[in-house]
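So you can see what is in the structure, the chains are spelled out below.
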Amino acid sequence: QDGGTRVAPLGVMQENAKQHVILVAGPGRAIRDALRGAQLNKVNFAMTNILVVPYETGVDAAERAAKPDGGGFGDSRPTYETQPYVAEPVGEGWEEFVKAELDTAAEQAGDKVFEEGIALVVANDGKVLRRGVGKVPWRQMVDELEEAVTGEEKEKANPLLDFIE
């Protein structure tokens with residue numbers, strides 16, 4: 001590996017690389033919070049082959065294209081954006097897809113979804129395991145993806161109960 005980035009359709013990443021995908025969509029603040037949370041759990045992403053795809057809403061195509069891409073000297077992006085498990089959405093159809101998901105979520109949970117953002121957890125077989133609004137419970141999502149693949153329910157860790165018993 002040369003450390004560079006490659007572009008691949010999501011279906012190829014899921015089918016050939018067996019990658020699970022967690023799409024996080026919302027305004028900049030919601031994306032930053034989600035990526036920071038993901039960074040705290042990054043060891044789990046490597047072990048479970050998860051790709052996190054952030055999609056910032058309220059940004060037009062020109063603004064998206066003008067964003068630093070990490071090329072050249074001194075990558076100015078925050079470290080949570082440059083992790084190997086973070087993939088930028090490229091190609092056609094993302095805006096329409098995310099808008100439809102946000103609109104559906106808003107019908108169910110109200111307009112707060114446009115501020116808090118949404119997350120879609122997609123297993124490597126293309127099955128959507130979960131849709132949620134707001135803060136992403138990363139550890140729980142990783143466990144659910146693992147369970148979906150292995151078919152085995154992961155034992156839930158509860159340090160408080162371990163301490164009491």
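Predicted model only: the values in this text are computed from it and were never measured.

J.: Before we go on, may I ask you to explain a negative patch on the surface in this structure?
T.: Taken together, the side chains of Asp60, Glu92, Glu95 and Glu96 make up a negatively charged region of the molecular surface. The topology assignment puts Glu96 in helix α5 (residues 94-109). The class for Glu96 is exposed, based on a relative accessible area of 55%.

J.: I'm lost on helix α2 (residues 28-40) in this one. Help?
T.: Spanning 13 residues, α2 covers 19 Å between terminal C-alpha atoms, matching the ideal 18 Å at 1.5 Å per step. Those residues of α2 that fall on the buried side of the exposure criterion are Gly28, Ala30, Ile31, Ala34, Leu35, Gly37 and Ala38.

J.: What should I look at first to understand the sheet that holds strand β3 (residues 118-122) in this one?
T.: The four strands are arranged β2-β1-β3-β4 in an open sheet whose pairing can be described as mixed. Each end of this open sheet is capped by a strand with a single partner; those strands are β2 (50-56) and β4 (128-133). Each strand of the sheet is rotated relative to its neighbour by a mean of 15°, with strand direction disregarded. Direction of pairing for strand β1 (residues 20-26) relative to β2: parallel, over a ladder of seven bridges. Along β2, the bridge assignment pairs Val21 with Leu51. Running over the sheet, α2 touches β1 and β2 and is turned about 160° from β2.

J.: I tried to follow the side chain of Gln19 on my own but got confused; where do I start?
T.: Inspection of the secondary structure assignment puts Gln19 in the loop between α1 (10-15) and β1. Within the structure, the side chain of Gln19 is placed 3.2 Å from the side chain of Asn49, a separation counted as a polar contact.

J.: Which parts of the structure should I look at to understand the environment of Arg29?
T.: Tracing the sequence through the fold places Arg29 in helix α2. Residues Arg29 and Gly117, 88 residues apart in the sequence, show an inter-C-alpha distance of 9.1 Å.

J.: Even after reading the chapter, I still don't get α5, so can you show me in this structure?
T.: Three or four residues apart is the spacing at which side chains of an α-helix point the same way, because the helix has 3.6 residues per turn. End to end, α5 covers 22 Å across 16 residues, agreeing with the expected 22 Å (1.5 Å per residue, within 8%). For α5, the complete set of buried residues consists of Trp94, Val98, Glu101, Leu102, Ala105 and Ala106. For α5, the angular spread of the buried residues around the axis is 140°, confining them to a single face. Opposite its buried face, α5 presents the exposed residues Glu96, Lys99 and Glu107, each directed more than 90 degrees away. A positive backbone phi angle near 90° is found at Gly110, which sits one or two residues after α5.

J.: Looking at this structure, how should I read the pairing of β4?
T.: It is a general feature of regular strands that their side chains alternate between the two faces of the sheet. Examined bridge by bridge, β3 and β4 share five bridges and lie antiparallel to one another. Looking at the pairing, Ile118 lines up with Val133 of β4. Counting the residues that bridge the hairpin from β3 to β4 gives five residues, and of these Gly126 lies at a positive phi of roughly 90°.

J.: When you look at the side chain of Gln83 in this model, what are you seeing that I'm missing?
T.: The residue Gln83 is located in the loop between α4 (61-66) and α5 in this model. By relative accessible area, which is 12% here, Gln83 ends up buried. In this structure, Gln83 is in contact with Gln39 and Lys42, ignoring residues within four places of it in sequence.

J.: Quick question: what am I supposed to make of the nonpolar core here?
T.: Nonpolar side chains in soluble globular proteins generally cluster together in the buried interior. Within the largest apolar cluster, 20 residues are counted, with the highest numbers of intra-cluster contacts made by Ile22, Val24, Phe45, Ile50, Val52, Val136 and Trp138. Residue assignment for this core shows that the elements contributing at least two residues are β1, α2, β2, β3 and α7 (138-150). With residues near it in sequence (within four places) discarded, Phe45 still touches Ala38, Ile50, Val52, Tyr85, Trp138 and Val142. Ranked by size, the runner-up nonpolar core spans 15 residues in total, among them Tyr55, Ala106, Val113 and Val122.

About the criteria used
Residues numbered from 1 in each chain as written. Predicted model: local features only at pLDDT ≥ 70, side-chain atom pairs only at ≥ 80, totals over all residues. Heavy atoms only, no water. Patch = residues over 30% accessible without salt bridge, like charges linked within 9 Å, V, L, I, M, F, W, Y side chains within 5 Å. Areas by Shrake-Rupley, 256 points an atom, 1.4 Å probe, with all protein chains shown as cover. Salt bridge = Lys/Arg side-chain N within 4 Å of Asp/Glu carboxyl O. Lys, Arg positive; Asp, Glu negative; His and termini not counted. Charge placed at Lys NZ, Arg CZ, Asp CG, Glu CD. Helix = DSSP H or I, 4+ residues; strand = E, 2+ residues; numbered from the N terminus. Buried < 20%, exposed > 50% of the residue type's maximum accessible area, 1.4 Å probe, protein only. Expected span 1.5 Å × (residues − 1). Pairing = 2+ DSSP bridges. Axes fitted to C-alpha atoms, helices over the stretch in contact; angles between N-to-C directions. Contact = heavy atoms within 4.5 Å. Polar contact = N/O pair within 3.5 Å; in protein donor to acceptor, adjacent residues only side chain to side chain. Arc of directions from axis to C-beta. Core = buried A, V, L, I, M, F, W, Y, C linked by side-chain atoms within 4.5 Å.

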